[in-house]
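# Structural description and commentary
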Amino acid sequence: MMKIKYKGEQMKNISKKVKGKLIKYTIFAIIAVIILAIIGADQGFKGQYMDNLNYDVVLNEDGSMTVTETWDININHTNTIFKNFKLSNKFGEIKDVTVKDLKTGKQLTQIDEEMYHVTTDCFYALKLSKYKYEIAWGTGMEKKSGNKKYQIQYTVTDVITDYKDCQEMYWMFLDTVNEMPVKNVSMQITLPVAVKNIENLKVWGHGPLNGNIQRTSNDTVEVAIDNLSAGKMLEVRLITLEKIIIKLKIQKLKYLSLKKLLLLINIGLFLLLILL
């Protein structure tokens with residue numbers, strides 16, 4: 001005998017089928033989103049990234065700082081690379097900028113014009129606004145991919161702050177606007193004169209928690225970070241309790257003591273941890 005289904009039962013069965021299909025479609029959609037996210041992340045990584053980024057930092061007797069950056073960079077169809085600085089009244093000016101292609105040995109030609117697509121083998125180093133300074137150079141890689149090595153050198157004046165009983169260097173080497181991941185970051189900071197007691201040299205690093213900063217001698221500080229993600233900053237703060245930089249052009253904040261400065265540093269670190 002044939003079983004008769006009433007309208008209510010038919011609607012119930014239809015509803016079950018619809019729900020089943022919706023669940024299947026939802027699962028497929030979630031899987032698709034995950035796959036696309038993985039592909040997108042992988043493609044982003046295959047854009048521009050660095051195998052190695054090295055900083056050779058020399059503090060000078062006049063309170064300036066000479067920085068030499070070496071970029072071991074993988075470029076994918078991009079003809080212009082940008083490096084930005086946040087300007088502040090805590091230091092003077094950025095000057096004497098040079099960019100060199102280490103693979104060809106060619107010194108890039110400086111131009112005085114901001115360009116979104118910089119001419120190959122040319123660079124500009126300009127103050128674009130009150131708070132922004134930019135270095136950009138042409139790679140000639142708009143139609144190809146490959147590895148390049150560049151050396152960027154510049155001097156920052158009045159980077160040392162002179163306090164009542166100590167001197168400080170505080171500099172952001174990488175801003176959060178950095179869009180390139182870096183496999184290995186290394187840095188060496190050399191003082192103009194060695195401190196007599198290494199305990200009079202205090203160092204801090206602000207950035208990824210896996211980074212390491214240490215005093216390797218009475219006049220040298222080294223920094224190392226593995227797998228630095230894009231968008232992560234790198235700051236270094238160095239304080240000497242001995243007045244080793246005696247030819248400062250500008251005397252700043254001499255009323256502030258080390259005790260008060262350390263209190264401000266601890267407050268800043270506490271606030272940073274809260275934000276993170």
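Bear in mind that the values here come from a model prediction, so they are computed numbers and not experimental data.

Procedures and definitions
- Residues numbered from 1 in each chain as written.
- Predicted model: local features only at pLDDT ≥ 70, side-chain atom pairs only at ≥ 80, totals over all residues.
- Heavy atoms only, no water.
- pLDDT = per-residue confidence, 0-100.
- Contact = heavy atoms within 4.5 Å.
- Pairing = 2+ DSSP bridges.
- Helix = DSSP H or I, 4+ residues; strand = E, 2+ residues; numbered from the N terminus.
- Axes fitted to C-alpha atoms, helices over the stretch in contact; angles between N-to-C directions.
- Polar contact = N/O pair within 3.5 Å; in protein donor to acceptor, adjacent residues only side chain to side chain.

### Considerations on the confidence of the model for the chain
Looking at the chain as a whole, the pLDDT averages 84, with 74% of positions reaching at least 70. Taken as a whole, residues 38-45 scores under 50 in pLDDT and shows one contact with residues more than four places along the chain or in a different chain.

### Examining the sheet that holds strand β8 (residues 160-162)
Strand order in the open sheet formed by four strands is β8-β9-β14-β11, with antiparallel pairing between adjacent strands. Strand pairing shows two members of the sheet lacking a second neighbour, β8 and β11 (201-206), which therefore form its edges. On average, each strand axis in the sheet is tilted by 15° relative to the strand beside it, whichever way the strands run. Bridge count for strand β9 (residues 167-174) against strand β14 (residues 234-240) is seven bridges, and the pairing is antiparallel. Residue pairing in the sheet places M172 in a bridge with E235 of β14.

### Points about the side chain of T78
Considering the arrangement of structural elements, one finds T78 in strand β2 (residues 65-86). A polar contact is formed between the side chain of T78 and the backbone oxygen of N76, at a distance of 3.2 Å. In this view, T78 contacts Q48, T139, M141 and E142; residues no more than four positions away in its chain are not counted.

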